[in-house]
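Survey of secondary and tertiary structure
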Amino acid sequence: MAALPEEPAEVAAVKPDPEAGTPPQPPAAPVATVASSSPGVAAVAAVPPGKVGGGVVVEDQPDVSAVLSAYNQQGDPTLYEEYYSGLKHFIECSLDCHRAELSQLFYPLFVHMYLELVYNQHESEAKSFFERFHGDQECYYQDDLRVLSSLTKKEHMKGNETMLDFRTSKFVLRISRDSYQLLKRHLQEKQNNQIWNIVQEHLYIDIFDGMPRSKQQIDAMVGSLAGEAKREANKAKVFFGLLKEPEFDVPLDDEDEEGENEEGKPKKKKPKKDSVGSKSKKQDPNAPPQNRIPLPELKDSDKLDKIMNMKEAARRVRLGPDCLPSICFYTFLNAYQGLTAVDITDDSSMIVGGFADSTVRVWSVTPKKLRSVKTAADLSLIDKESDDVLERIMDEKTASELKILYGHSGPVYGTSFSPDRNYLLSCSEDGTVRLWSLQTFTCLVGYKGHNYPVWDTQFSPYGYYFVSGGHDRVARLWATDHYQPLRIFAGHLADVTCTRFHPNSNYIATGSADRTVRLWDVLNGNCVRIFTGHKGPIHSLAFSPNGRFLATGATDGRVLLWDIGHGLMVGELKGHTDTIYALRFSRDGEILASGSMDNTVRLWDAVKAFEDLETDDFTTATGHINLPENSQDLLLGTYMTKSTPVVHLHFTRRNLLLAAGAYSSQ
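What this report covers is the structure whose coordinates are included nearby. Everything numeric in this text was worked out from a predicted model, so none of it was measured.

Pairing is possible between side chains of opposite charge, provided their charged atoms come close. Tallied over the entire structure, the rule returns 35 salt bridges. With its nearest N and O atoms 2.7 Å apart, the salt bridge here joins Asp 209 to Arg 177. With Asp 209 in the loop between strand E5 (203–208) and helix H10 (215–221) and Arg 177 in helix H8 (residues 177–189), this pair connects stretches of sequence that are 32 residues apart. Judged by relative accessible area, which is 29%, Arg 177 ranks as partly exposed. Its salt-bridge partner being Arg 361, residue Asp 357 comes within 3.6 Å of it at the nearest N-O pair. Shared partners join several salt bridges into a network, and the residues in it are Asp 305, Asp 346, Asp 347, Arg 421, Arg 587 and Arg 653.

So, about the packing of aromatic side chains. Each aromatic ring pair is summarised here by two numbers: the centre-to-centre distance and the angle between the ring planes. On inspection of all chains with the given rule, the structure shows 24 aromatic pairs. Here the aromatic rings of Tyr 114 and Phe 130 are separated by 5.2 Å at their centres, their planes lie at 55 degrees, and the arrangement is tilted. Within this pair, whereas Tyr 114 is found in helix H4 (residues 106–119), its partner Phe 130 is found in helix H5 (residues 123–133), the two being separated by 16 residues in sequence. In this structure Tyr 114 comes out as buried when scored by relative accessible area, which is 3%. Judged by relative accessible area, which is 9%, Phe 130 ranks as buried. Following the ring pairs from residue to residue traces out a cluster consisting of Tyr 84, Phe 106, Phe 110, Tyr 114, Phe 129, Phe 130 and Phe 133. One residue, Lys 230, lies across the ring of Tyr 204, its end atom 4.5 Å from the ring centre. If you follow Lys 403 out to its NZ or CZ, it ends over the ring of Phe 441, 5.3 Å from the centre.

Quick notes on the rules
Residues numbered from 1 in each chain as written. Predicted model: local features only at pLDDT ≥ 70, side-chain atom pairs only at ≥ 80, totals over all residues. Heavy atoms only, no water. Salt bridge = Lys/Arg side-chain N within 4 Å of Asp/Glu carboxyl O. Helix = DSSP H or I, 4+ residues; strand = E, 2+ residues; numbered from the N terminus. Buried < 20%, exposed > 50% of the residue type's maximum accessible area, 1.4 Å probe, protein only. Phe/Tyr/Trp six-rings, centres within 6.5 Å; stacked < 30°, edge-to-face > 60°. Lys NZ or Arg CZ within 6 Å of the ring centre and 35° of its normal.

So this is what it looks like as structure tokens:
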């Protein structure tokens, strides 16, 4: 990969820490930031050659004055508009094949030139520069431009986060060598040093050999806060396969046997034993080693649950374009407390709601009521050897359909049941994640690590571990028995809005308000994938059951599909008209369901979306992705609610689709 020729050599690592209290001492020399090639480190500072004393390793937030000092080398403020319009004219008159690629320069140059003018206190020139050119920027940068327009004085730039992000992380552009040479020649002929300085200082140009990309190809990938991901960022090997399931003998029920013997029965009626047995004997070549990360031992109750699961799976409906799932919608009526989060247990027996009045409410969805364990005095009287001891420890007097859990001091934004249904997680605006017991319906632990609102939390598919993400731009991995996080995943440039475990529990996906999705390795905390392409904050993530693909939904109303192994976008599903808050694959991955604020649930043909993908090495190397415009062919159905935004989706073990949301009367 060709870096820019004039890049400085010495590099001092800077580790941005979102929770830093005290700013570090500024380095002796003006600092220019150079994007690092290791995905784990967010920004690296380099000292221009010839300056002294640059080897200071800075631990905390990059110091604002050091970061801004790069804006000192300024040109004549009155010529900025001329410089920019000159470049604009050059790009608009260049050949079509280069124009699309070079147009990517408009936005980052516009921002940096504006900030440079503001920093050097040319307020009127900055204002006229902004007014003249802000209309030319792509529509998906509107929110960023709104923040920018409020920065009109040097003082405003001091504590502004967006500002700092833009300064500390280089904006990444992916451009073919031909287009880059064209640009370089133009700027050098014109002696247009101001723009060339910005390109050198603040942009990271990832040059590839080959055909320039078309407007569609570029539009598909851009739109995030820091441009595209570097190609290097998606090169690491990812073990996306599934772990081997433990083998059980599934006892046949009478009805199972009838099902098998009747003629003309579809083959799928066979008990899952054969297919599960044969599947688990062969190790998935893409799976991580079984002991790559320590996973909890299976308890007897877990084994029983697995056997129940297999029996249910034997009766699972095979979904497809000709056999769509039934959808059962749980509407929260009169939810004046404000419903902010929902989760449903894997066996679909309980549903939990997190509310803006800081309560967590758990309902039983089956006729079996929720009961607490008896008091210690009563428990000592029970015969522990009896067969139904698990029934006897429950206190019938406490039986009810609904339990309310009090403890948070702010809206509850995320909830997650543990796979064994003994625990429940909730995270809140109060900065804590709480672990509740579903045996006693009391709070066991409050995990304090985030200093700001926590937007999402989720249990690992194997229990024990869980992940949380919040306003401090960091995701944290926890284990239920540690009060400190085990891993901190730092790298996003804005809030981490949603978190999801990969089915093999070795990876975690996070979606952020910086409009990127990142995949993190639980083992070492490294970022192994960065996916750019959404034009708004990401609010939902779903891994396909086979672990190969990831679906993401955002405020831009698009669902994007990603091939994790190759690190490529492989599909775009357009149809929703508002934020997508829920995504879920059916149990065998044939159908993707999406739920949105536009009051609809949509079903998409996942098999068709992922078949015959072009994932050859060329595509992977250059990012020439050709997204088929086939959203309409893949859309299998749209289901409207009367006036209920869809907050959560869940496929039962038999592939009935459950959806949930709160009725809004406006």
